[in-house]
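Commentary on secondary and tertiary structure
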Amino acid sequence: MTLRTKGLVIAAVHVAIVCTLGAKLLVDRTIRPRVWVEVEPYDPDLPIRGRYLSLQVKATARGFADSGQPGEWSHALLSVEDDRLIATRTETDAGEPVRVRSAGADATVVLAAPIAYFIPEHVDDPSRTPGLMVEVTLPRKGPPRPIRLGVRNGDRITPLDL
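Here the residue numbers are simple positions, counted from 1 along each chain's written sequence. pLDDT decides what is reported in this predicted model: residues at 70 or higher carry local features, side-chain atom pairs at 80 or more are listed and counted, and totals for whole chains, interfaces and linings draw on all residues regardless. Side-chain figures throughout are based on the complete set of non-hydrogen atoms in the structure, without hydrogens or water.

1. Describing the overall build of the chain
Each helix and strand in the chain was counted, giving 1 helix and 11 strands. Taking 15 Å as the expected radius of gyration for a compact globule of 162 residues, we find that the chain reaches 19 Å, considerably beyond that expectation. In terms of principal-axis extent, the alpha carbons of the chain reach across some 70 × 40 × 30 Å. All accessible areas in this document rest on Shrake-Rupley with a 1.4 Å probe, and a residue is counted as covered only by the protein chains that are shown. Carbon and sulfur atoms provide 57% of the accessible area of the chain, an area that totals close to 10,100 Å². In this tally Asp and Glu are treated as negative and Lys and Arg as positive; neither His nor the chain ends contributes. One atom stands in for each charge, and that atom is NZ of Lys, CZ of Arg, CG of Asp or CD of Glu. Positive and negative side-chain charges of the chain, numbering 21 and 20 respectively, have mean locations separated by a distance of 8 Å. Secondary structure elements follow DSSP: runs of H or I no shorter than four residues count as helices, runs of E no shorter than two count as strands, and numbering proceeds from the N terminus. Based on C-alpha atoms, the radius of gyration is set beside the globule rule, defined as 2.2 Å times the residue count to the power 0.38.

Structural data, given as structure tokens:
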């Protein structure tokens, strides 16, 4: 086998790996639950990584009413119910790390790991838009994966054309 042939085989293997990852993400987007979630943006531009929004995902807390205090860290399993992201407290380290935002009957949490949403250079920074939402896919494991940004207007969410 010549050096050129070896190089082409290695390139073909790399392309196949990237394509299988892309296919897995598309399949997850098709079959896994999707939901619009409220987010808190911060750090909209980092020269090393390009132009992106770093978004902290908010979720409705379940099982935090009795023991969860604002600022406390815990772990929660994520699910989608009635078009809302639900974070159910676990007593183990299973699930996603979360920080309690508000306690009580209407407790909310934010995911510890922010998600990144990359935006084009020519678009105005949408992080300053009031009512910013992001549609996410909820994979079997790991944090939610962002699909698109939107803005909440009352009960309607209007996707942003980026």
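2. Focus: the pairing of strand β4 (residues 73-81)
Bridge count between β4 and strand β6 (residues 96-102): 4 bridges; the pairing is antiparallel. Its bridge partner being in β6, W73 is matched across the sheet by R99. For two strands to be treated as a pair, DSSP must find at least two bridges joining them. Looking at chain direction, β4 and strand β5 (residues 84-90) are connected through 7 bridges and run antiparallel. Pairing of S79 across the sheet is with I86, part of β5. If you look at the hairpin formed by β4 and β5, you'll find 2 residues sitting between the two strands, and D82 has a positive phi there, around 50°.

3. A few points about the environment of L132
By secondary structure assignment, the location of L132 is in strand β9 (residues 132-137). For L132, a relative accessible area of 3% gives the class buried. Placed 77 residues apart in sequence, L132 and L55 show a C-alpha to C-alpha distance of 10.0 Å. In what follows, residue pairs with any heavy atoms lying within 4.5 Å of each other are defined as contacts. With near-sequence residues (within four places) excluded, L132 lies in contact with E38, V39, P41, L55, P126, S127, L149, G150 and L160. Residue exposure (1.4 Å probe, protein chains only): buried if accessible area is under 20% of the type maximum, exposed if over 50%, otherwise partly exposed.

4. Section: the side chain of T137
Within the secondary structure, T137 is located in strand β9. Not counting the four nearest positions on each side in its chain, T137 is found in contact with D28, R29, R32, P33, R34, P144, R145 and I147.

5. Details of unusual backbone geometry
Phi at D82 takes a positive value of approximately 50°, unusual for a residue other than glycine. The topology assignment puts D82 in the loop between β4 and β5.

6. Remarks on the pattern of salt bridges
Note on definitions: salt bridges are taken to be side-chain nitrogens of Lys or Arg within 4 Å of carboxyl oxygens of Asp or Glu. Tallied over the full model, the rule gives 10 salt bridges. For the salt bridge of R128 with D125, the shortest nitrogen-to-oxygen distance reads 2.5 Å. By sharing partners, the salt bridges in this structure join E38, E40, K58 and R101 into a single network.

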